[in-house]
Amino acid sequence: MRTEYQMPDDFLWGVAVAAHQLEGAWDIDGKGVSIADVMLAGENKKIQTGGRRVVTDDVLPNGNYPNHRGIDFYHTYPKDFKLLAELGIKAFRTSIAWTRIFPNGDESEPNEAGLKFYDDMIDDMLRHEIEPVLTMSHFEMPYHLVKTYGGWRNRKLIDFWLNFAEVVLRRYGDRVTYWMTFNEINNQMAWQDSHPMLQNSGLKDYPSDQAERLMYQASHYELVASALTTKLAHEINTELQIGCMIAFNPVYPATSKPEDIMMAERAMQNRYYWGEVHATGKYPNWLLSYWQHKDLAIDYTDEDLTIIAEYPVDFVGFSYYMSWTVTDTGDEWLFYDEEKNHGDNPYLQKSDWGWQIDPVGVRYAMNWMWDRWHKPMFIVENGFGAYDQLQTDGSVHDDYRIAYFRDHIKAMKKAVVLDKIPLIGYCPWSGIDIVSASTGEMAKRYGFIYVDLDDLGHGTGMRYRKDSFAWYQQVIQSNGAVL
Ligand code: BGP
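Identification of the protein chain as 6-phospho-beta-glucosidase from Weissella diestrammenae is taken from an unreviewed UniProt entry. A UniProt comment under Sequence similarities (unreviewed entry) is attached to the protein chain, and it reads "Belongs to the glycosyl hydrolase 1 family."

Trainee: Looking at this structure, I do not really get the overall build of the protein chain. What am I missing?
Mentor: Helix and strand counts for the protein chain come out as 17 helices and 12 strands. The burial tally for the protein chain puts 50% of its 483 residues in the buried class. Contacts in the protein chain between residues far apart in sequence, at least 24 positions, make up 78% of those at least 6 positions apart.

Trainee: Just to check I follow, could you spell out the UniProt feature "active site" (unreviewed entry) in the protein chain for this structure?
Mentor: Sequence positions flagged by UniProt for "active site" (unreviewed entry) are, in local numbering, E381. Within the secondary structure, E381 is located in strand β9 (residues 377-381). Judged by the 25 C-beta atoms lying within 10 Å of it, E381 is buried. With near-sequence residues (within four places) excluded, E381 lies in contact with A16, S319, C427 and W429.

Trainee: Looking at this structure, I do not really get the site of the ligand. What am I missing?
Mentor: Not every one of the 14 residues close to the ligand is listed here, only the nearest: A18, G385, S436, A437 and S438. Per-class residue counts for the shell around the ligand are four nonpolar, seven polar and three charged.

Trainee: When you look at unusual backbone geometry in this model, what are you seeing that I'm missing?
Mentor: Peptide bonds are, in most cases, trans, and in most cases residues other than glycine have a negative phi. Note that the residue after W429, namely S430, is joined by a cis bond; omega there is 0°. With respect to the secondary-structure elements, S430 resides in the loop between β10 (423-426) and β11 (449-451). Phi is positive for A25, which is not a glycine, with a value near 45°. Examined against the element boundaries, A25 turns out to sit in the loop between α1 (19-22) and α2 (73-87). The partly exposed category is assigned to A25, around which 18 C-beta atoms lie within 10 Å. A positive phi angle, near 60°, is found at K420, a position not held by glycine. Of note, K420 is situated in the loop between α16 (399-418) and β10.

Trainee: What is the right way to read the packing of helix α9 (residues 211-236) against helix α13 (residues 302-310) from this model?
Mentor: The contact between α9 and α13 brings their axes to 8 Å, and the two run at 50°. In terms of axis orientation, α9 runs oblique to α13. As for the relative orientation of α9 and α13, their crossing is left-handed in sense. Residues L223, V224, A227 and L228 of α9 form the contact with α13, whose participating residues are D304, I307 and I308. Split by residue class, the contact of α9 with α13 holds six nonpolar, no polar and one charged.

Trainee: Please explain the nonpolar core as it appears in this structure.
Mentor: Within the largest apolar cluster, 134 residues are counted, with the highest numbers of intra-cluster contacts made by I96, I246, V316, F318, M377, I379 and V380. With 11 residues, the single largest contributor to this core is α9. Ignoring any residue separated from it by four or fewer positions in sequence, one finds M377 in contact with F315, V316, F318, M366, M369, I421, P422, L423 and I424.

Trainee: Would you take a moment to explain the sheet that holds strand β1 (residues 12-16) for this structure?
Mentor: Paired through their backbone hydrogen bonds, the strands of a sheet run either parallel or antiparallel. Strand order in the closed barrel formed by eight strands is β1-β2-β3-β4-β5-β7-β9-β10, and the pairing between neighbours is parallel. The sheet shows a mean angle of 30° between the axes of neighbouring strands, direction not considered. Relative to strand β7 (residues 315-319), strand β5 (residues 241-247) runs parallel, the two being bridged by five bridges. Bridging across to β7, A247 finds its partner in S319. Where helix α11 (residues 273-280) meets the sheet, it contacts β5 and β7, and its direction lies at approximately 165° from that of β5.

Trainee: I keep staring at the confidence of the model for the protein chain and nothing clicks. Help me out?
Mentor: Regions with low pLDDT carry predicted coordinates that are not meant to be interpreted in detail. For the protein chain, per-residue confidence averages 89 on the pLDDT scale, and residues scoring 70 or more make up 87% of the total. Confidence over residues 191-203 falls short of pLDDT 50; this stretch has 44 contacts with residues more than four positions distant or in other chains. Both scores are available for the predicted complex, with the pTM at 0.94 and the ipTM at 0.98.

Trainee: Help me understand the environment of A233 in this model?
Mentor: As for its position among the elements, A233 is in helix α9. For the pair formed by A233 and A165, sequence separation is 68 residues and the distance between their alpha carbons is 8.6 Å. Among all residues touching A233, those that are not within four sequence positions of it are L169, W179, L240 and I242.

Trainee: Honestly, the packing of helix α15 (residues 360-373) against α16 in this entry has me stumped. Any pointers?
Mentor: Two quantities define a packed helix pair, namely the angle between the axes and the distance from one axis to the other. Contact geometry of α15 with α16 gives a least axis separation of 7 Å together with a crossing angle of 30°. By the angle class used here, α15 and α16 are roughly parallel. Here the hand of the crossing between α15 and α16 comes out right-handed. The residues of α16 that touch α15, namely those facing V360, V362, R363, M366 and N367, are H408, A411, M412, K414 and A415. Residues belonging to the contact of α15 with α16 are distributed by class as follows: six nonpolar, two polar and two charged.

Trainee: Got a minute to help me understand the pairing of β7 in this structure?
Mentor: When a strand is regular, its side chains alternate between the sheet's two faces. Across the five residues of β7, five count as buried, placing the element largely inside the fold. Where β7 and β9 come together, four bridges link them in parallel fashion. Paired with V316 across the two strands is M377, which belongs to β9.

Calculation criteria
- By convention here, each chain's residues receive numbers from 1 onward along its written sequence.
- The predicted origin of the model limits local features to residues at a pLDDT of at least 70 and limits the giving and counting of side-chain atom pairs to 80 or more, whereas totals for whole chains, interfaces and linings rest on all residues.
- UniProt positions are given in the numbering used here, feature names are shortened, and annotations may be inferred rather than shown by experiment.
- Helix and strand definitions here come from DSSP, where helices need a minimum of 4 consecutive H or I residues and strands a minimum of 2 consecutive E residues; each element is numbered from the N-terminal end.
- The burial criterion counts other C-beta atoms lying within 10 Å of a residue's C-beta, which is placed from the backbone; the residue is buried at 20 or more, exposed at 12 or fewer, and partly exposed between these limits.
- C-beta atoms are placed from the backbone for every residue, and two residues are taken to be in contact when these atoms lie within 7 Å.
- In this entry, near means the residue's backbone-placed C-beta atom lies within 6 Å of the molecule or strand.
- Ten residues, namely Ala, Val, Leu, Ile, Met, Phe, Trp, Tyr, Cys and Pro, are considered nonpolar, four, namely Asp, Glu, Lys and Arg, are considered charged, and the remaining ones, Gly among them, are considered polar.
- Think of each axis as a best-fit line through the C-alpha atoms, taken over the contacting stretch in the case of a helix, with angles from 0 to 180 degrees between the N-to-C directions.
- Any angle from 65 to 115 degrees is called roughly perpendicular, while one under 35 is roughly parallel, one over 145 is roughly antiparallel, and all others are oblique.
- Handedness of a helix crossing follows the sense of rotation of the near helix relative to the far helix, less than a right angle counterclockwise being left-handed and clockwise being right-handed.
- The nonpolar core criterion groups buried Ala, Val, Leu, Ile, Met, Phe, Trp, Tyr and Cys residues into a set whenever they are joined through C-beta atoms within 7 Å.
- Strands are labelled as partners when DSSP assigns at least two bridges between them.
- Per-residue confidence from the prediction method is given by pLDDT, with values spanning 0 to 100.

Given below as structure tokens:
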């Protein structure tokens, strides 16, 4: 008989990472330059509440550390998978670097060396009985597509994307069931012109009053590309499960004032419409009305809307790190503006980077999405960035990380066991220390495994088990019963 809080037997306990944050080998075996390779690192250290990194005009002359090296996973993955197998993970979420497969993005033939790399990596995971979970684009794309076509502001990108999607789905679809199209597709809203996907859209070449239009335009083409990917995947193999990936930070009203509550609700609708479109196949009425009201002249055709309606995702993948709090701005459209409306929540503590720690929010998030979208969910990121200290005996005492995960897993279990929300798995970010996406540092660490490298890529690169390693190991072994 099941005890009250027991998780399903086939639940995928895992970890999650992204290619450009750990592989390194940025110019090896025919790989092209990606948008992530030209982002400045280290200039904006200790950034609070989200990231503000800058895209340079070209590859940095002296190497971009530690991004260009990551943790050298390109060469170390067999050893790392041994350690991760010891941790006991059942799933490993990573991404495919588009530029390993199509270095420029507009070629007709893929790069075999890049394809082979992921073949070998996937086979190695399977040898350890680890289920691969793949994101097709995690904050990166060929830089050539940005320079030559203007990135996702150009409809042509849909075709380039589909060439890439078809190649990888055909190549790996026999071994990989779970796929996601664009990582945190909705973060374009929060980060505005500093978000990689928007810079992918060539946004920085535009006056700021065009920023909003281009953000919605680029997003629309990505949503069409995503729906066509689901169509294609199911034609290739009906078993394949295609998901979207949404960054989900619940937005709470600062008070019980009705205007604050409306503001919080609209902020949620606004930030998560990408999930709505992916899951229900429809744009919300308020958004179409907003485009009209603002005269945004978004290019969308009836055919686009039919595609979106016919091919919704199979599941909703999401990342969960924190919640936000808002107060009314008096704006009729109640649009969420991170700078203007962001308030501290007096009931919550923060990480060293100002991210509010809110375990209850994960249960709230799951209920909010399930009641609207009715799709199985997959928590594909959740974690605590911290300055860890490696002791001389090789230990790392990260009790703060254990506390974070314990509380979040408890809340997740309530959503699954009590609220009966179907959840495929849970992949904490990042299992092993990797380069931070927002700051480009190594110092903001998330792993259960410590990697001895600093922000300049200096260090032995050796791996050490943190205290959280043994803790997560017993969580997995007990299927979440022992926390
Ligand atoms: C998410 C990204 C990840 C990851 C994580 C932690 O937004 O999908 O790539 O990096 O956040 O963020 P950071 O590395 O900036 O601390």
